[in-house]
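Chain residues, written in single-letter form:
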Amino acid sequence: MSAQLLRHAVPRSTAARFALRTMSSSASAVAYPRPHLIPKSGTYPAGWVAGGLASGVKKDGLKDLTLVASPNHPITASAVFTQNSFAAAPVQVSKAIVKEAATVRALIVNSGCANACTGEQGTKDAWRMSREVDAALGGGGERGAASSTRPKTLVMSTGVIGQHLDMDKIVAGITQLTQNVGPAHDNWLSAAEGIMTTDTFPKLRSTVFEGDYRMAGWSKGAGMIHPNMATMLSAVFTDASITKPCLDAATRYAADRSFNAISIDGDTSTNDTFAVLANAATEGAAVIDDLESDAHRLFRDRLTQFAAELAKLIVRDGEGATKFVEIHVKGAKTFADARQVSSTIATSPLVKTALYGQDANWGRVVCAVGYSGVPVTPEKVNLHLSTPAIDEPLHLFKNGAPFDTDEEKAARILEHEDLKLEIGLGEGSEEATMYTTDLTHGYITINADYRS
């Protein structure tokens, strides 16, 4: 898999967040505040091409249009979408394509404008984006007009809500982009850059699984991050051969344990989409077509591992964040109970501000467990605080009462960026993990200035 994730805090004021971020026509020439998290090379799945460019939708001239396609291999697609009632036009379009089309053509993404809450015109624009890519790739019908053939390119958008797309710029960008995609690392990095909004670095990963098949993927997100479902934009591309029922099951499983396991601010976006696309370009590979097979379980677990890494990158880039926090709840009666408790802790402003202030106020964590809505027996609850930089965790709360309240050790632990809260409920054997951040002054500054 990828290199180790960064473990050093970075100043996160609005100015500091973008101070090192410069762009050019060459992906390798870009400088970002967190270069440790950006891969310098990669091994990408066969048959895929990618790219990104600046179409002019963004006022700052940064890249704002991304395309990933498989020109010579049909694509099996699965996706999980936001449950927000104001689901954006591209969500509605992509949901229809995934449901109705046996295979898809490509994935097009624009940033800078979410095309959300934009009425009938927004829906028309999203369908047009899909149709324009189909036509530009060849065999997709007439450009710029309604076609009897249903478009088959998935669409994602991200950015400001309530604004219409500048379709003249989008269409011109699609024409240029379809002629400038490629399979190289720089092409994939450029694609990851094209989906960014308040992100401070492109989130890209690729891997080979024991020579069986490859995966590549990108994600974007830094704020408005919370389940339910994927709380951002992300797509994973593979050259594995897998049927749609098997891909659907693996995607749902992976989403619940990755993008549904992160929270930064408790706000679920209108545009959240997590898509997995497979083009079966691995030569001689057996088809994964049995939900009960070892091959399917292995693919599911690999996809989950890969998606979780992309999800963690979003948390590490959380707006204003100085802490990366893992909340592990174990000993629950059900997975749903464990997830509910971990989510409640992850969204508690009191817990998050205590972590920012490096205050070992365990009472806030225990309180969140108590109001989570999951029945617990207080005398069975335990809480540990730890960091990978220090071997021995601090057992703050044991069997319903204070235990090791070593303030000096707690202070040493809380100085680090990577923190872990482990909560034992003592009710069963199920467990779940959420990943979150602290809540800082920087978050307020970034979001107060977002549209200005």
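Keep in mind the model is a prediction, meaning the values are calculated, not measured.

Asks: Mind showing me how you'd approach the packing of aromatic side chains here?
Replies: Each pair of aromatic rings is reported with the distance of its centres and the angle of its planes. According to the stated counting rule, one finds 9 aromatic pairs in the structure shown. Between Trp 48 and Phe 237, the aromatic rings sit 5.2 Å apart at their centres with planes inclined by 65°, giving edge-to-face as the arrangement. Taken together, the residues span a long stretch of sequence, with Trp 48 in the loop between helix H1 (14-18) and strand E1 (49-53) and Phe 237 in strand E8 (residues 233-238) at a distance of 189 residues. Taken together, a centroid distance of 5.9 Å and an interplanar angle of 25° make the contact between Phe 324 and Tyr 435 stacked. Here the residue Phe 324 occupies a position in strand E11 (residues 324-332), and Tyr 435 occupies one in strand E16 (residues 430-437), the gap between them amounting to 111 residues.

Asks: Help me understand the pattern of salt bridges, please; the structure alone is not making it clear to me.
Replies: A side chain with one charge may pair with a side chain of the opposite charge, provided their charged atoms come close. Counted by the stated rule, this structure contains 23 salt bridges. The residue Glu 193 makes a salt bridge to Lys 63 at a minimum N-O spacing of 2.6 Å. Of this pair, Glu 193 sits in helix H5 (residues 185-193) while Lys 63 sits in the loop between E1 and strand E2 (65-69), and the two are 130 residues apart along the sequence. The pair Glu 193 / Lys 63 is uniform in exposure class, with both members buried. With its nearest N and O atoms 2.8 Å apart, the salt bridge here joins Arg 316 to Asp 418. Taken as a pair, Arg 316 in helix H7 (residues 294-316) and Asp 418 in strand E15 (residues 418-424) lie far apart in primary sequence, 102 residues in all. On the basis of relative accessibility, which here comes to 4%, the residue Arg 316 falls in the buried class. Residues participating in the shared-partner salt-bridge network are Arg 34, Arg 316, Glu 417 and Asp 418.

Asks: In this structure, what is going on with the UniProt feature "binding site: substrate" (unreviewed entry) in the protein? I would like to understand it.
Replies: If you check UniProt for "binding site: substrate" (unreviewed entry), the listed places come out as Thr 197, Lys 220, Thr 231, Glu 319, Asn 447 and Ser 452 in our numbering. When its relative accessible area of 4% is taken as the criterion, Glu 319 is described as buried.

Asks: I'm lost on the sheet that holds strand E3 (residues 76-81) in this one. Help?
Replies: Adjacent strands of a sheet form backbone hydrogen bonds with each other and so pair up, either parallel or antiparallel. The strand order across the open sheet formed by 5 strands is E3-E10-E8-E7-E6, and the pairing between neighbours is mixed. Sheet topology places E3 and strand E6 (203-209) at the edges, where each strand pairs with a single neighbour. Neighbour-to-neighbour, the strand axes of the sheet open up by a mean angle of 10°, direction not taken into account. As paired elements, E6 and strand E7 (residues 213-220) share 7 bridges and run antiparallel to each other. From the neighbouring strand, Leu 204 faces E7, where its bridge partner is Trp 218.

Cut-off values and rules
- Residues numbered from 1 in each chain as written.
- Predicted model: local features only at pLDDT ≥ 70, side-chain atom pairs only at ≥ 80, totals over all residues.
- Heavy atoms only, no water.
- Phe/Tyr/Trp six-rings, centres within 6.5 Å; stacked < 30°, edge-to-face > 60°.
- Helix = DSSP H or I, 4+ residues; strand = E, 2+ residues; numbered from the N terminus.
- Salt bridge = Lys/Arg side-chain N within 4 Å of Asp/Glu carboxyl O.
- Buried < 20%, exposed > 50% of the residue type's maximum accessible area, 1.4 Å probe, protein only.
- UniProt positions renumbered as here; feature names shortened; annotations may be inferred.
- Pairing = 2+ DSSP bridges.
- Axes fitted to C-alpha atoms, helices over the stretch in contact; angles between N-to-C directions.

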